[in-house]
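# Architecture at a glance
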Amino acid sequence: MENNSIEETGRNLLRVSDAQIKRASRTKFRRLTTSLLALALAAFQIVPAFATINNTVTASGTAPGGIPVTGNANATVAVIVAAPAVSVVKTIAFAPAGGDANGNGKADPGDVLNYKFTVTNNGNVSLNDVKVTDANDGVGAAVVVVVPTVVTTDNGSAAAGTLGDSVNASTTKWDKLGPADVITFTGTYTVVAGDIASAGGGSGIGASGGAEPDGFLDDKATATANYINGVTTTPVTSSDKKSIKLNIAPGLQVTKVASKTTNAAAGDVITYTYTVKNTGNTPVTNINLADTHNGIAGALVPAFVAFNVGNTSTHTGNTINSLSPGDSATYTATYTVTQTDVDTRQ
Ligand SMILES: [Ca+2]
Ligand SMILES: [Ca+2]
Ligand SMILES: [Ca+2]
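Residues numbered from 1 in each chain as written. Chains lettered and ligands numbered in written order. Predicted model: local features only at pLDDT ≥ 70, side-chain atom pairs only at ≥ 80, totals over all residues.

Attention now moves to the overall build of the chain. In terms of helices and strands, the chain carries three helices and 18 strands. Evaluated residue by residue, the chain yields a buried proportion of 21% over its 346 residues. (Helix = DSSP H or I, 4+ residues; strand = E, 2+ residues; numbered from the N terminus. Buried ≥ 20, exposed ≤ 12 C-beta atoms within 10 Å, placed from the backbone.)

Soluble globular proteins tend to bury their nonpolar side chains together. One finds Val-119 and Val-130 to be the most contacted residues of the largest nonpolar core, which totals 30 residues. Excluding residues within four positions of it along the chain, Val-119 makes contact with Val-86, Val-88, Val-130, Val-132, Val-182, Ile-183, Phe-185 and Ala-223. By size, the runner-up hydrophobic cluster in this structure holds eight residues, among which are Tyr-274, Val-276, Val-284 and Leu-323. (Core = buried A, V, L, I, M, F, W, Y, C linked by C-beta atoms within 7 Å. Contact = placed C-beta atoms within 7 Å.)

The sheet built from three strands is open, its strands ordered 12-17-16 with antiparallel pairing. Since the sheet does not close on itself, it has two edges, and those belong to strand 12 (284-287) and strand 16 (314-316), each with one partner. Across the sheet, the mean angle separating the axes of adjacent strands is 10° when strand polarity is ignored. (Pairing = 2+ DSSP bridges. Axes fitted to C-alpha atoms, helices over the stretch in contact; angles between N-to-C directions.)

Another point: the sheet that holds strand 18 (residues 328-336). What the four strands build is an open sheet, ordered 10-11-18-15; its pairing is antiparallel. Edge positions in the sheet fall to strand 10 (252-258) and strand 15 (303-307), since each of these pairs with one other strand and no more. Neighbour-to-neighbour, the strand axes of the sheet open up by a mean angle of 25°, direction not taken into account. Two strands pair when backbone bridges link them, and strand 11 (residues 269-278) and strand 18 are joined in this way by nine bridges, in the antiparallel orientation. The partner of Tyr-272 across the bridge, within strand 18, is Ala-333.

Turning to the pairing of strand 8 (residues 216-228), a few remarks are in order. Across seven bridges, the pairing between strand 5 (residues 127-136) and strand 8 is antiparallel. Across the sheet, the residue bridging to Ala-135 is Lys-220, located in strand 8. Of the pairings in the sheet, the one linking strand 8 to strand 9 (residues 233-245) comprises 13 bridges and is antiparallel in character. Opposite Asn-226, over in strand 9, you have Pro-235 as the bridge partner. Taken together, strand 8 and the strand that follows it, strand 9, pair antiparallel across an intervening segment of four residues, in which Gly-230 is found at a positive phi of about 100°.

Below, the discussion takes up unusual backbone geometry. For the peptide bond that leads from Glu-212 to Pro-213, omega is -5°, which places it in the cis range. Notably, Ala-180 is not glycine yet its phi reads approximately 70°, a positive angle. Secondary-structure assignment places Ala-180 in the loop between strand 6 (174-177) and strand 7 (182-190). Overall, the presence of 20 C-beta atoms within 10 Å leaves Ala-180 in the buried class.

Glancing now at the environment of Phe-185. Secondary-structure assignment places Phe-185 in strand 7. Here the alpha-carbon distance between Phe-185 and Thr-118, two residues 67 residues apart in the chain, equals 6.4 Å. Leave out the neighbours within four places in its chain, and Phe-185 touches Phe-117, Val-119, Val-132, Val-145, Val-146, Val-147 and Pro-148.

Per-residue confidence for the chain gives a mean pLDDT of 86, with 84% of residues at or over 70. Confidence over residues 9-14 falls short of pLDDT 50; this stretch has zero contacts with residues more than four positions distant or in other chains. In the predicted structure, residues 32-49 sits below a pLDDT of 50 and forms two contacts with residues beyond four places in sequence or in another chain. (pLDDT = per-residue confidence, 0-100.)

Turning our eyes to something else, we now look at the environment of Leu-113. Tracing the backbone shows Leu-113 in strand 4 (residues 112-121). Sequence separation between Leu-113 and Pro-96 is 17 residues, and the spatial gap between their C-alpha atoms is 9.2 Å. Sequence-distant contacts of Leu-113, that is, excluding residues within four places in its chain, are made with Ile-92, Phe-94, Ala-95, Gly-99, Ala-107, Thr-188, Tyr-189, Val-191 and Ile-244.

Below you can see the structure in the form of structure tokens.
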């Protein structure tokens, strides 16, 4: 009996073991397929696992007899879809107290321009590493963009963001900018003579909309920032173009003096001295003098003599290749008075 019972038990155990083995195999297979499915889902998951606010509540108590009882409940709240965005608006103004030295409202050499770059986080997530770069078609010193030390507007409304969420400890960028918050970068540009000489052309920025050179100092500001969600980094950017008119005022003056103006007699040699001067603020090129003498064009040919001391202009023969602002050159021509002049010009 005892042996039979043991044998029966052993058979039962064996039967159970067979069944368990089958179930175990099925379970392992199910677990394996479940794991593979989970991995596949994770790989193609669009919404990060932390894109929800998870909450679990537990109720606990004691039943008669001191038996502890608990109940749990979970609540999951999906957060709004991230929409990172940044914008920059640039303004140009003459620096106060002498920025527009001659008060003409145009950019002259020596005038100082203040640039202001207003950067706004107009998305719904915080932005990191906010930077502004500035490019213009001037030939003066490059603009150094100054990072602000405080926020211009710390929007703390429920819809827009939180007070105090915009922080920075860097001089090259703004570390973190909250939604709807505003910061203002600044920069300065000093107009140089080369800007007038180049007529505001060269870089192809063309912010004024005209073909270069367009007579404008054109400028393009670009703001960049990153939205970092802990898994990926999404860059955002914005740019703004502005222009200011350059004071390009060309001017050319020529004077002529005769060595003798009275009692000209036959055989007298009269020397004419011509002075041509650039009275504007931009170089004038390819200058030639044409003299009409006694009504005959080209009867006298003024010959180039010299530029004034200190000039930077150049010439080839009687043609001035380029006459710099303020520079002047001297020409001369001679004429011998004839008997016919004396006879007919009484
Ligand atoms: Ca001016
Ligand atoms: Ca804020
Ligand atoms: Ca330009």
